[in-house]
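Inside the fold
Each chain, letter by letter, is given below.
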Amino acid sequence: MQLYNKLSAKERAALIDEAGKDRLTISFYQYFKIENPQLFRDKLFLEWNDLEVLGRTYVSYEGINAQMSVPADNFLQLKEQLDAISFLKDIRLNVAVEHDNKSFLKLKVKVRNKIVADGLNDDTFDVTDKGVHLNAKEFNEMLANPNTVCVDMRNHYESEIGHFNGAITPDVDTFRDSLDIIEEDLKNNKEDKNLLMYCTGGIRCEKASAYYKHKGFKNVFQLEGGIIEYTRQVKDEGIENKFIGKNFVFDHRRAERITDDVVSNCHQCGKACDEHTNCANEGCHLLFIQCDECAERTENTCSSDCQEIIQLSYEEQKELRKGTHASNKIFKKGRSEVLRFKK
């Protein structure tokens, strides 16, 4: 019985090319008390592996958070499988704006303590007492209300390439960091302001809305389905689009373009740019924004030091990384003194 991925990303990419089938990139989440996450995880892996599903899914005692790629021909079968699970029946599937057959190259279904690393003690508040869900039209109306404070619940490297007009975009590295900052900023307006939140697919706002209600906020709202579902509704229903730039995504695509607006800049030269990349030095792997000219000049690295390192042999580079735990996390995403134009 195969319960783990056995192919490398390179081998999987070759099979995708050989198959020549269109694939859909989708995501979904659901908070639900799962009694045996490991058993549930194994069931999902076996079923999804048979359908050639690829992607990253987290299962825990509190629910499921899934981001995946599935052959378009198998989409209905996947939907049937999910509908057969009581708490996933008729679950909303967020379908990507832009499709890439290689958005994911492995199937990973992992058991985690939480489906989102929120750093919260859920025993201290009622996680089911959530904020009001708004569709795209309702969100636009609330956004236009002068009594509304709109907050981007994503991290700095996500919001810097795209966000809603007028939204507060906390300069934070983690979801947990933003919770305390927003509470402090709005501590005098917990009862008289509308707190309107959004994130990529809705899962972070789901927990944040319950947290803020516990903290005394009276009027808490969230964008249902996040930016992904908002974009679909805008397109399908002819609603005015209030989001500008790109939507950051956590797969090989890195982002989906929503509008032609470029709201960020190259972190090395300051030129208007919204293309994220990872430093070619595996011992750094810094995520940052880099234009084509800087990429060519630095050979896809973030600094002269990293550029020198990639000239070394593979064995020499490996030796430099020896003894460094999680070397690809040496730098925080988008945080480094070598980035002269990081806002």
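Being a predicted model, the structure only gives us computed values, none of them experimental. (Residues numbered from 1 in each chain as written. Predicted model: local features only at pLDDT ≥ 70, side-chain atom pairs only at ≥ 80, totals over all residues. Heavy atoms only, no water.)

1. Describing helix 6 (residues 175-185)
Heads up, the rule is: The classification of residues rests on relative accessible area computed with a 1.4 Å probe and restricted to protein chains. Under 20% of the type maximum is buried, over 50% is exposed, and intermediate values are partly exposed. Helical segments are the DSSP runs of H or I of at least four residues, strand segments are the runs of E of at least two, and each set is numbered from the N terminus. The directions considered for the arc run from the helix axis to the C-beta atoms. Note on definitions: a residue-residue contact is assigned when non-hydrogen atoms from the two residues lie within 4.5 Å.
Of all the residues in helix 6, the buried ones are Phe175, Ser178, Leu179, Ile182 and Glu183. Projected onto a plane normal to the axis of helix 6, the buried residues spread over an arc of 130° and lie on a single side. The secondary structure elements touched by the buried residues of helix 6 are strand 7 (148-152), strand 9 (194-198) and helix 7 (203-214).

2. Some remarks on the packing of aromatic side chains
Stated precisely, the cut-off is as follows: Centre distance within 6.5 Å is the pairing criterion for rings of Phe, Tyr and Trp, where only the six-membered ring of Trp is used; planes under 30 degrees apart are then read as stacked, over 60 as edge-to-face, and the remainder as tilted.
Enumeration over the complete set of coordinates arrives at 14 aromatic pairs. An angle of 80° between the planes, with centres 4.6 Å apart, marks the rings of Phe164 and Tyr198 as edge-to-face. Here the residue Phe164 occupies a position in strand 8 (residues 162-164), and Tyr198 occupies one in strand 9, the gap between them amounting to 34 residues. You'll find Phe164 and Tyr198 in the same group, each marked buried. By way of ring pairs, the aromatic residues Phe139, Phe164, Tyr198, Tyr230 and Phe243 are connected into one cluster.

3. Quick look at the pairing of strand 9
Selection rule: Two strands are said to pair when DSSP picks up at least two bridges between them. Crossover handedness is defined by viewing with both strands directed away from the observer: a clockwise path from the first strand over the helix to the second marks the crossover as right-handed.
Across the five residues of strand 9, five count as buried, placing the element largely inside the fold. By the alternation rule, side chains of strand 9 split into Asn194, Leu196 and Tyr198 and Leu195 and Met197, which are all buried. In the sheet, strand 7 pairs with strand 9 via five bridges, with the strands oriented parallel. In the sheet register, Thr148 faces strand 9, and the bridge partner there is Asn194. Here strand 9 pairs with strand 10 (residues 219-223) via four bridges, running parallel. Counted as the bridge partner of Asn194 is Asn219 from strand 10. Note on the crossover from strand 9 through helix 7 to strand 10: the handedness is right-handed.

4. Thoughts on helix 8 (residues 226-237)
Here is the rule: By definition here, a helix of n residues has an expected span of 1.5 Å times n minus one.
Spanning 12 residues, helix 8 covers 16 Å between terminal C-alpha atoms, matching the ideal 16 Å at 1.5 Å per step. Within helix 8, burial applies to Gly226, Ile227, Ile228, Glu229, Tyr230, Thr231, Gln233 and Val234. Gly238 sits one or two positions beyond helix 8 and adopts a positive phi of about 65°.

5. Quick look at the sheet that holds strand 10
Heads up, the rule is: Axes here refer to lines fitted to C-alpha atoms; in helices the fit is confined to the stretch in contact. Angles between the N-to-C directions go from 0 to 180 degrees.
If you walk across this open sheet you meet the four strands as 6-10-9-7, and the pairing is parallel. Every interior strand has two partners, whereas the edge strands, strand 6 (132-134) and strand 7, have only one. In this sheet, adjacent strand axes meet at a mean angle of 30° when their direction is disregarded.

6. Description of the pairing of strand 1 (residues 23-31)
Note that strand 1 and strand 3 (residues 63-71) share nine bridges and pair antiparallel. Each bridged residue has a counterpart across the sheet, and for Thr25 the counterpart in strand 3 is Ser69. Looking at chain direction, strand 1 and strand 4 (residues 94-95) are connected through two bridges and run antiparallel. Within strand 4, the residue paired with Ile26 across the bridge is Val95.

7. Brief notes about the pattern of salt bridges
Selection rule: By convention in these notes, a salt bridge is any Lys or Arg side-chain nitrogen within 4 Å of a carboxyl oxygen on Asp or Glu.
Enumeration according to the criterion identifies 31 salt bridges in this entry. In this structure, Arg41 engages Asp42 in a salt bridge whose closest nitrogen and oxygen atoms are separated by 2.8 Å. Asp42 matches Arg41 in its accessibility class, with the two residues each being buried. As a salt-bridge pair, Asp152 and Arg154 come within 2.7 Å of each other at their nearest N and O atoms. Taken individually, Asp152 and Arg154 each receive the classification buried, so the pair is uniform in this respect. Members of the salt-bridge network, linked through shared partners, are Glu62, Lys114, Asp118, Asp122 and Lys207.

8. Looking at unusual backbone geometry
Despite not being glycine, His285 has its phi angle at roughly 60°, a positive value. In this structure, His285 sits in the loop between strand 13 (276-278) and strand 14 (287-289). Positive phi outside glycine occurs at Asn300, with the angle close to 65°. Looking at where Asn300 falls in the secondary structure, it is placed in the loop between helix 9 (292-298) and helix 10 (304-309).

9. Here we look at the nonpolar core
Short version of the rule: Here, the term nonpolar core denotes a set of buried Ala, Val, Leu, Ile, Met, Phe, Trp, Tyr and Cys residues that are joined through side-chain atoms within 4.5 Å.
With 29 residues, the main nonpolar core has Phe28, Phe40, Trp48, Ile64 and Leu78 as its most contacted residues. Of all elements in the fold, only helix 1 (9-19), strand 1, helix 2 (37-50), strand 2 (54-60), strand 3, helix 3 (75-83) and strand 5 (107-111) reach the threshold of two or more residues within this core. Within the second largest apolar cluster, 19 residues are counted, among which are Met153, Met197, Ala210 and Phe217.

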